[in-house]
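Structural characterization, general
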Amino acid sequence: MLPPPEVVRVSQRRVACDGATDIPGGAALGHPRVFLQIDEHGYIDCGYCDRRFVLIGGPADGVDPATLPDISEGASPSVR
């Protein structure tokens, strides 16, 4: 399993992603803004850019991102 391209640690369960927040003047390089809700797993992946948002202090905080299954909005992680 490959790790996500970028991991962002956040302090709130509801986050917004546009794929270009960290790029100066890069709004045209991103994707439509989506709002994501972190569930009991402690993280969520953006369905557009695969950026992973991890809740600080949650169950996924401090875990190797490559060991976690992908979870997009509205999806459940696959059980292996």
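Note: the structure precedes this text.
Conventions adopted
Residues numbered from 1 in each chain as written. Predicted model: local features only at pLDDT ≥ 70, side-chain atom pairs only at ≥ 80, totals over all residues. Heavy atoms only, no water. Buried < 20%, exposed > 50% of the residue type's maximum accessible area, 1.4 Å probe, protein only. Helix = DSSP H or I, 4+ residues; strand = E, 2+ residues; numbered from the N terminus. Pairing = 2+ DSSP bridges. Axes fitted to C-alpha atoms, helices over the stretch in contact; angles between N-to-C directions. Polar contact = N/O pair within 3.5 Å; in protein donor to acceptor, adjacent residues only side chain to side chain. Core = buried A, V, L, I, M, F, W, Y, C linked by side-chain atoms within 4.5 Å.

The next subject is the pairing of strand 2 (residues 14-17). The two faces of strand 2 differ: Val15 and Cys17 on one face are buried, but Arg14 and Ala16 on the other face are not. Here four bridges tie strand 2 to strand 3 (residues 34-37), and the two strands are oriented antiparallel to one another. Across the sheet, the residue bridging to Ala16 is Phe35, located in strand 3.

If you trace the three strands from one edge of the open sheet to the other, you get 1-5-4, paired in mixed fashion. Looking at the sheet topology across the chains shown, the edges are occupied by strand 1 (7-10) and strand 4 (43-45). On average, each strand axis in the sheet is tilted by 20° relative to the strand beside it, whichever way the strands run. Bridge count between strand 1 and strand 5 (residues 52-55): four bridges; the pairing is parallel. Bridge pairing in strand 5 places Arg9 opposite Val54.

The next subject is the side chain of Asp45. Within the fold, Asp45 resides in strand 4. A polar contact is formed between the side chain of Asp45 and the side chain of Arg52, at a distance of 2.7 Å.

Mapped onto the elements of the fold, Leu55 is located in strand 5. Leu55 gets classed as buried once you look at its relative accessible area, which sits at 9%. Separated by 41 residues in the primary sequence, Leu55 and Arg14 place their C-alpha atoms 9.6 Å from one another.

Moving on to the nonpolar core. Nonpolar side chains in soluble globular proteins generally cluster together in the buried interior. Counting residues in hydrophobic clusters, the biggest one holds 15 residues, and the most contacted among them are Cys17, Leu36, Ile38, Tyr43, Ile44 and Phe53. Among the elements of the structure, strand 2, strand 3, strand 4 and strand 5 are those that each provide at least two residues to this core.

These results come straight from atomic positions and should not be treated as a statement about function.
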